[in-house]
Amino acid sequence: MFSAPLLALAQIVLADAREAKLRIATAESCTGGLIGALLTEIPGSSEIFDRGFIVYSNRAKSDLLNVPGDLIADMGSVSEAVARAMAEGAVENSHAHMAVSVTGVAGPGGGTKLKPVGLVHMAAAREGRSILHEAHRFGDIGRSEVRMRSVEAALLLLQRMM
């Protein structure tokens with residue numbers, strides 16, 4: 001299901017987390033659980049991966065991750081603020097030490113001038129550290145490709161947070 005380079009990256013992220021004695025959670029919207037699926041493809045990942053939140057709807061973001069509804073209404077679900085709140089909420093609502101979140105417009109529809117197809121916001125949160133954020137503009141390269149590039153970028157962001 002996943003390419004060899006993505007599997008290798010997941011192995012590195014898990015090894016780094018294992019060495020640092022960190023557990024990981026994910027909060028995924030547009031990737032729909034692909035980050036968690038990739039991490040759990042690696043044998044022994046149960047020592048590191050605590051849980052994944054698939055929060056595709058705005059209500060799920062609020063119910064499961066405590067993302068304020070007002071924040072979603074004001075900034076939109078595809079925003080830096082919501083990505084940060086999702087990552088923070090994943091740490092707070094799990095037994096993980098760190099989390100990565102992803103929210104974006106995978107396409108083919110749903111884009112606007114301000115939030116075009118291919119725009120993905122992601123954040124990484126870790127206890128006792130400042131939240132990291134990245135915005136990627138992958139472009140209208142196809143739904144599957146936007147999602148896979150988001151998975152890779154999220155793992156790299158998680159790696160930076162370690």
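Computed from a predicted structure; not experimentally measured.

A. Region of the structure containing the overall build of the chain. Secondary structure assignment for the chain yields six helices and five strands. Along the chain, helices (α) and strands (β) appear in the sequence α-β-α-β-α-α-α-β-β-β-α when read from the amino end. Taken over C-alpha atoms, the radius of gyration comes to 14 Å for the chain, in line with the 15 Å a tight globule of 162 residues would show. In terms of its C-alpha atoms, the chain occupies a principal-axis envelope of roughly 45 × 30 × 20 Å. Across the 162 residues in the chain, those meeting the buried criterion constitute 49%. Contacts in the chain between residues far apart in sequence, at least 24 positions, make up 64% of those at least 6 positions apart. Per element, the accessible surface of the chain, about 7500 Å² overall, is 51% carbon and sulfur. When the 16 basic and 17 acidic side-chain charges of the chain are each reduced to a single mean position, those positions are 2 Å apart.

B. Summary view of the side chain of serine 101. Within the secondary structure layout, serine 101 lies in strand 3 (residues 98-104). Its relative accessible area of 0% is what places serine 101 among the buried residues. In this structure the side chain of serine 101 is engaged in a polar contact, spanning 2.6 Å, whose partner is the backbone oxygen of alanine 83. Excluding its chain neighbours within four sequence positions, the residues that come into contact with serine 101 are Ala27, Ala83, Met86, Ala87, His121, Met122 and Ala123.

C. How the structure looks around the pattern of salt bridges. Per the counting criterion, the structure on display carries six salt bridges. Note that arginine 51 is salt-bridged to aspartate 50, the shortest N-O span being 2.6 Å. A relative accessible area of 29% means that arginine 51 is categorised as partly exposed. Of the charged contacts in the structure, one is a salt bridge between glutamate 134 and arginine 160, with a shortest N-O distance of 2.5 Å. In this pair, glutamate 134 is assigned in strand 5 (residues 132-137) and arginine 160 in helix 6 (residues 143-161), connecting sequence segments 26 residues apart.

Parameters at a glance
Residues numbered from 1 in each chain as written. Predicted model: local features only at pLDDT ≥ 70, side-chain atom pairs only at ≥ 80, totals over all residues. Heavy atoms only, no water. Helix = DSSP H or I, 4+ residues; strand = E, 2+ residues; numbered from the N terminus. Rg over C-alpha atoms; globule rule 2.2 N^0.38 Å. Buried < 20%, exposed > 50% of the residue type's maximum accessible area, 1.4 Å probe, protein only. Contact = heavy atoms within 4.5 Å. Areas by Shrake-Rupley, 256 points an atom, 1.4 Å probe, with all protein chains shown as cover. Lys, Arg positive; Asp, Glu negative; His and termini not counted. Charge placed at Lys NZ, Arg CZ, Asp CG, Glu CD. Polar contact = N/O pair within 3.5 Å; in protein donor to acceptor, adjacent residues only side chain to side chain. Salt bridge = Lys/Arg side-chain N within 4 Å of Asp/Glu carboxyl O.

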